[in-house]
Amino acid sequence: MLRSQVYLAINAELKDSLFTAKTLLNNLKSDAYGAINVEALTTIFGLFKSNAITPVLMQHAIKELLKDSSFAYQKYFDENSVSEEKLIAAIDQVLEANAAIAEEIAGGNQAKAGQLIGKVIAITGKGADGKTIRSTIISRLASNSKSNSEEQSSTDLSLIHI
């Protein structure tokens with residue numbers, strides 16, 4: 001199958017020409033287009049686009065599909081993806097072990113979240129996406145600081161009414 005045919009087939013399903021073009025260009029060499037299972041590749045690209053799989057999982061699945069067109073990529077994704085519960089538990093563990101950095105992030109220095117991503121991946125494995133980890137760290141700390149602020153506000157108000 002020609003490169004343009006693969007592109008057209010995938011883009012007809014995903015309806016995102018820029019995403020399709022970039023993802024193909026970044027993940028398939030020109031000589032691989034004839035050997036790829038387009039239906040499987042379309043499914044994989046769709047999962048990647050929806051953030052259901054990480055770039056690492058996608059790249060490994062494509063590599064395996066090129067070796068063996070019957071590669072059970074869905075089973076591979078199921079076995080190597082990280083559940084939301086496991087991700088949150090790992091993030092909470094890292095935040096607790098790195099309280100000083102967590103305080104800086106909660107105080108508005110969101111750039112510090114990058115320092116914790118690798119620590120979370122060390123616990124969860126490569127099935128968790130860095131962007132997802134970063135946004136979850138920030139949102140968990142924001143919700144914690146909001147609830148702490150609300151507790152502080154209610155305490156301050158109770159002192160006023162006494």
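What you are looking at is a predicted structure, and each value in this text was computed from that prediction instead of being measured. (Residues numbered from 1 in each chain as written. Predicted model: local features only at pLDDT ≥ 70, side-chain atom pairs only at ≥ 80, totals over all residues. Heavy atoms only, no water.)

Colleague: Looking at this model, I keep getting lost on the environment of I44. Mind explaining?
Modeller: The topology assignment puts I44 in helix α3 (residues 38-49). Given the relative accessible area of 0%, I44 is considered buried. Ignoring anything within four residues of it in the chain, the contact list for I44 reads I53, M58, A61, L65, Y73 and F77. (Helix = DSSP H or I, 4+ residues; strand = E, 2+ residues; numbered from the N terminus. Buried < 20%, exposed > 50% of the residue type's maximum accessible area, 1.4 Å probe, protein only. Contact = heavy atoms within 4.5 Å.)

Colleague: Can you help me understand the packing of helix α2 (residues 17-27) against α3 in this one?
Modeller: Angle between the axes and distance between the axes: these two values describe a pair of packed helices. It is at 11 Å that the axes of α2 and α3 come closest, and there the two elements cross at 110 degrees. As judged from the angle between their axes, α2 and α3 are roughly perpendicular. For the element pair α2 and α3, the recorded crossing hand is right-handed. Here F19, T20, T23 and L24 of α2 lie close against α3, whose contacting residues are L41, F45, F48 and K49. (Axes fitted to C-alpha atoms, helices over the stretch in contact; angles between N-to-C directions. Parallel < 35°, antiparallel > 145°, perpendicular 65-115°, else oblique. Left-handed = near helix turned anticlockwise from the far one by under 90°.)

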